[in-house]
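Okay, here's what each chain looks like letter by letter:
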Amino acid sequence: MEVEVSFAELGTELQLERITMLQTVFLTMLTLALVKSQVTEETITYTQCTDGYEWDPVRQQCKDIDECDIVPDACKGGMKCVNHYGGYLCLPKTAQIIVNNEQPQQETPAAEASSGAATGTIAARSMATSGVIPGGGFIASATAVAGPEVQTGRNNFVIRRNPADPQRIPSNPSHRIQCAAGYEQSEHNVCQDIDECTSGTHNCRLDQVCINLRGSFTCHCLPGYQKRGEQCVDIDECSVPPYCHQGCVNTPGSFYCQCNPGFQLAANNYTCVDINECDASNQCAQQCYNILGSFICQCNQGYELSSDRLNCEDIDECRTSSYLCQYQCVNEPGKFSCMCPQGYQVVRSRTCQDINECETTNECREDEMCWNYHGGFRCYPQNPCQDPYVLTSENRCVCPVSNTMCRDVPQSIVYKYMNIRSDRSVPSDIFQIQATTIYANTINTFRIKSGNENGEFYLRQTSPVSAMLVLVKSLTGPREHIVDLEMLTVSSIGTFRTSSVLRLTIIVGPFSF
């Protein structure tokens, strides 16, 4: 199957248009030259290019557009795209292009060109074969090449569809082609771009990056820098929010994010997330509570935070109050306890209660009676009566009338025992005395017979047959007081007179509880 590419037929109309355009441009430039010769102060800048070319502001000339590079899928059906001055070709993948700069041959009519292709010879057209094109480049004319299936294309390119025979391709052409600035002749006699960045012929600064372009190069700043004049200056990324969630630190050519204390960067290196200090590095001595961006320490009951807000110190509860315990407070790590003196026991954690030793550890003899008091006990004789008194009932001693020794002594003595706490508030009623036998037509009077030498007591008669012992001075224990309270009974008609004594033993405890 033969592939026919008739560039001569397709390009005739375009050639005519270009010839007309060139003529117009030539006339315009001639007119501008005449005007310039008359007015030398004016400067005309030419920036219009023909189709397939674009203006290069650096070189101040037109340069070819590589359509194969910028046009997506320029060729279809498995064809390859070949760029050339002012356009591009879609050729079979086996086609090759041979270009040299020999003198152009005479234009061959279309009929001759057609017959020449059939016989294996071609005649190259001479349209703008060696003339200057916009942009300062040159197009070389193609020589006639003998060989099968060779056709002449647009702009005098010679296309050979059988690359299998290398002898048909001139490897060493007799003439060199002229390439535009930034291009050089390749081993295949085509103009190829010079990579100034690779060859080291660029003039970029050390802080710049060379970027190769077709026929030229450009100098770019490194990432993180921007051009200001000829200098590359650092871009302050931190001045353009919102790069970072919390804190931003600019560095030469870059930046990094940082977080406030108590936060750490997430995996995206932008967001700050809270650090759970209680899990990561618990510094609290006892209890740790995480809060946003920080943490707080707390102590167990009985402790308080020290000045470093991390450790816990024991609270000396005994110093905070003197009323925690009834007797004595003992500080312990994180708590306290109460103690009671000997003879007492702790009740309800803080109160001291008397121990009744007469019920628990009775150490009295058989002929003795155990009497408990606040903080201790005493052993008293079960028969307290002394001659001439005889025991008639429990703790009651009577002096018989028949005994002559009983005439001037009390008729009876009753022994009673009581205890009071130390430093009891005064005045205070502490004991009541009352007649057990009431006689008609008698008058009873009461008095403290003995044991009140310091005036601690006062006996107040409350009725004809009773009286109340009043404590008028505070007593401090441990101490024992024996007070005789006498009741004197006198007949209203003066027929008889008698008395009885209540011997009261008062034991004052050592404490106020």
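Sequence order as written defines the numbering, with residues in each chain counted from 1. Owing to the predicted nature of the model, reporting of local features is limited to residues with pLDDT of at least 70; listing and counting of side-chain atom pairs is limited to 80 or more, with chain, interface and lining totals taken over all residues. Note that the side-chain values use all heavy atoms of the structure and ignore hydrogens as well as water.

The name given to the chain in an unreviewed UniProt entry is EGF containing fibulin extracellular matrix protein 1, with Rattus norvegicus as the source organism. The Subcellular location (unreviewed entry) field of the UniProt record for the chain holds the comment "Secreted, Extracellular space, Extracellular matrix". UniProt positions are given in the numbering used here, feature names are shortened, and annotations may be inferred rather than shown by experiment. Regarding the chain, the UniProt comment filed under Sequence similarities (unreviewed entry) reads as follows: "Belongs to the fibulin family."

Helix and strand counts for the chain come out as seven helices and 36 strands. Type-normalised accessible area, obtained with a 1.4 Å probe on protein chains alone, sets the label of each residue: buried when under 20%, exposed when over 50%, and partly exposed for intermediate values. For the chain, the residues scored as buried account for 34% of the 513 residues in total. Contact criterion: two residues are considered in contact whenever any of their non-hydrogen atoms come within 4.5 Å of each other. Looking at the chain alone, contacts between residues at least 24 apart form 40% of all its contacts between residues at least 6 apart. Approximately 31,600 Å² of the chain is accessible, and the part contributed by carbon and sulfur atoms is 51%. Numbered from the N terminus, helices here are DSSP runs of H or I no shorter than four residues, and strands are runs of E no shorter than two. Accessibility throughout is a Shrake-Rupley quantity obtained with a 1.4 Å probe, and a residue counts as covered only by protein chains that appear here.

Moving on, we get to the sheet that holds strand 31 (residues 428-434). Spatial strand order, 31-34-33: three strands in an open sheet with antiparallel pairing. Across the chains shown, the open sheet's two edge strands, defined by having one partner strand only, are strand 31 and strand 33 (457-463). Adjacent strand axes in the sheet meet at a mean angle of 25°, parallel and antiparallel pairs treated alike. Sheet analysis places strand 31 next to strand 34 (residues 466-471), joined by six bridges and oriented antiparallel. At least two bridges found by DSSP between two strands is the condition for calling them paired. Simply put, an axis is a line fit to the C-alpha atoms, just over the touching stretch for a helix, and the angle between two N-to-C directions goes from 0 to 180 degrees.

Ranked by size, the top nonpolar core spans 21 residues in total, and within it Ile430, Phe431, Phe457, Leu469, Leu485 and Ile506 carry the most contacts. The term nonpolar core refers to a set of buried residues drawn from Ala, Val, Leu, Ile, Met, Phe, Trp, Tyr and Cys, joined through side-chain atoms within 4.5 Å. Met369, Tyr389, Cys399 and Cys406 belong to the second-largest nonpolar core, a separate cluster that totals 13 residues.

This next bit is on the state of the cysteines. Disulfide assignment relies on a single distance test, namely cysteine sulfur atoms paired within 2.5 Å. Applying the stated criterion across every chain, the model contains 20 disulfides. Residue pairing for Cys244: its cysteine sulfur links by disulfide to Cys257, the two sulfurs lying 1.9 Å apart. Its S-S torsion of approximately -80° makes the covalent link between Cys244 and Cys257 left-handed. Of this pair, Cys244 sits in the loop between strand 13 (231-234) and strand 14 (247-251) while Cys257 sits in strand 15 (residues 254-258), and the two are 13 residues apart along the sequence. Residues Cys244 and Cys257 agree in their burial class; the two are buried. What pairs with Cys278 in a disulfide is Cys288, and their sulfur atoms sit 2.0 Å apart. In this structure the cystine formed by Cys278 and Cys288 twists about its S-S bond by roughly -80°; its chirality is therefore left-handed. Linking Cys278 in helix 5 (residues 277-280) with Cys288 in strand 18 (residues 287-291), this pair joins segments that are 10 residues apart in sequence. Cys288 matches Cys278 in its accessibility class, with the two residues each being buried.

Here the focus is the UniProt feature "domain: EGF-like" (unreviewed entry) in the chain. Here the UniProt feature "domain: EGF-like" (unreviewed entry) sits at residues 193-233, 234-273, 274-313 and 314-353. The distance separating the terminal C-alpha atoms of residues 274-313 is 29 Å; by composition the span is 10% helix and 40% strand.

This next bit is on the confidence of the model for the chain. Atomic detail in the predicted coordinates should be set aside for any region of low pLDDT. Averaged over every residue, the pLDDT of the chain is 78; residues scoring 70 or more account for 75%. For the chain, the element scoring lowest by mean pLDDT is helix 3 (residues 110-119), at 34; strand 34 scores highest, at 97. The pLDDT score gives, residue by residue, the confidence of the prediction method on a 0 to 100 scale. In this model, residues 30-46 is a region of pLDDT below 50 whose contacts with residues beyond four sequence positions or in other chains number six contacts. For the stretch residues 100-171, pLDDT sits under 50, and the model shows 146 contacts to residues farther than four places along the chain or on other chains.

This part is about the side chain of Asp56. Mapped onto the elements of the fold, Asp56 is located in strand 1 (residues 53-56). Among the residues examined, Asp56 registers a relative accessible area of 6% and is labelled buried. Apart from the residues within four sequence positions on either side, Asp56 is in contact with Gln61 and Lys63.

Our focus in this paragraph is the sheet that holds strand 35 (residues 479-491). Spatially, the six strands line up as an open sheet ordered 28-29-30-36-35-32, and their pairing is mixed. Strands with a single pairing partner mark the edges of an open sheet, and in this sheet they are strand 28 (390-393) and strand 32 (442-450). With direction set aside, neighbouring strand axes in the sheet form an average angle of 30°. When strand 35 meets strand 36 (residues 497-508), the two strands line up antiparallel, connected through 12 bridges. Bridge pairing in strand 36 links Glu486 to Val501.

Here strand 33 pairs with strand 34 via six bridges, running antiparallel. Pairing of Arg460 across the sheet is with Met468, part of strand 34. Linking two consecutive strands that pair antiparallel, namely strand 33 and strand 34, is a turn of two residues.

This brings us to unusual backbone geometry. Of note, the amide linkage connecting Val426 to Pro427 takes the cis form, showing an omega dihedral of -10°. Positionally, Pro427 belongs in the loop between strand 30 (412-420) and strand 31. Looking along the chain, the bond that leaves Gly477 and enters Pro478 is cis, with omega of 0°. The phi angle at Asn269 is positive, at roughly 55°, despite the residue not being glycine. Tracing the chain through its elements places Asn269 in the loop between strand 16 (263-265) and strand 17 (272-274). Here the phi dihedral of Arg309 falls at roughly 60°; this positive angle occurs in a residue that is not glycine. Residue placement: Arg309 occurs in the loop between strand 20 (303-305) and strand 21 (312-314). Residue classification places Arg309 among the exposed residues on the basis of a relative accessible area of 52%.

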